[in-house]
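Read off the chains here:
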Amino acid sequence: MIALTRTIALGLAVLAVAAIGCPATGPAADPAGAEVALRGACYCRAAGALHCTGSLTEPECRRQCNDALCDDWFWKERLPCWNWGYGG
């Protein structure tokens, strides 16, 4: 019984040391510590047509839509472009 208690205590101590010793990084941080910009789908509505460009950051989307003189634009974080159809 004493050996089991010691084993459990040792296991908990190892977990505690591992948790304290590991730096916490969120999904939006790279190993160098700089923020990683999220990428997503950039939709531009111009002349009544909706166009999508995938894998852009929000600032890139805003810049591209301003350059393309879009009437309206929106950006969907972490989503691919939707083709508005179901195959065919």
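Look a little higher up for the structure.
The residue numbering used here restarts from 1 in each chain and proceeds along that chain's sequence as written. Reporting in this predicted model follows two pLDDT cut-offs: at least 70 for local features of residues, and 80 or more for side-chain atom pairs to be given and counted; totals over whole chains, interfaces and linings ignore these cut-offs and use all residues. Each side-chain value is derived from all of the structure's non-hydrogen atoms; neither hydrogens nor water enter the calculation.

A.B. asks: An account of the environment of Y43 is needed here, citing residue identities and associated values.
C.D. replies: Secondary structure is summarised from DSSP: a helix means a run of H or I of at least four residues, a strand means a run of E of at least two, and numbering begins at the N terminus for each. Residue position: Y43 is located in strand β1 (residues 40-46). Three exposure classes are used, based on accessible area relative to the maximum for each residue type with a 1.4 Å probe and protein chains only: buried under 20%, partly exposed in between, and exposed over 50%. Y43 sits in the buried class, given a relative accessible area of 5%. Sequence spacing of Y43 and D72 is 29 residues, and the spatial spacing of their C-alpha atoms is 8.4 Å. Within the local environment of Y43, its side chain forms a polar contact with the backbone nitrogen of W82, the two atoms lying 2.9 Å apart. Within 3.5 Å is the distance limit for a polar contact, defined as a pair of N or O atoms, with the added protein rule that one can donate a hydrogen and the other accept it, and that residues adjacent in sequence qualify only through two side-chain atoms.

A.B. asks: Residue-level account of unusual backbone geometry, with values.
C.D. replies: A positive phi angle, near 55°, is found at A47, a position not held by glycine. Of note, A47 is situated in the loop between β1 and β2 (49-56). Non-glycine residue R78 carries a positive phi angle of around 60°. Its place among the elements puts R78 in the segment after β3 (72-77). Among the residues examined, R78 registers a relative accessible area of 58% and is labelled exposed.

A.B. asks: I'd like a description of the nonpolar core, backed by residues and values.
C.D. replies: We define the nonpolar core as a collection of buried residues of types Ala, Val, Leu, Ile, Met, Phe, Trp, Tyr and Cys that are connected through side-chain atoms lying within 4.5 Å of one another. Counting residues in hydrophobic clusters, the biggest one holds 7 residues: C42, C44, L56, C61, C65, C70 and W75. Looking at this core, the elements that each hand over two or more residues are β1 and α2 (58-67). Should any heavy atoms of two residues lie within 4.5 Å, those residues are considered in contact. Not counting residues within four places of it along the chain, the set of residues in contact with W75 comprises L38, R39, G40, A41, C42, L56, T57, E58 and C61.

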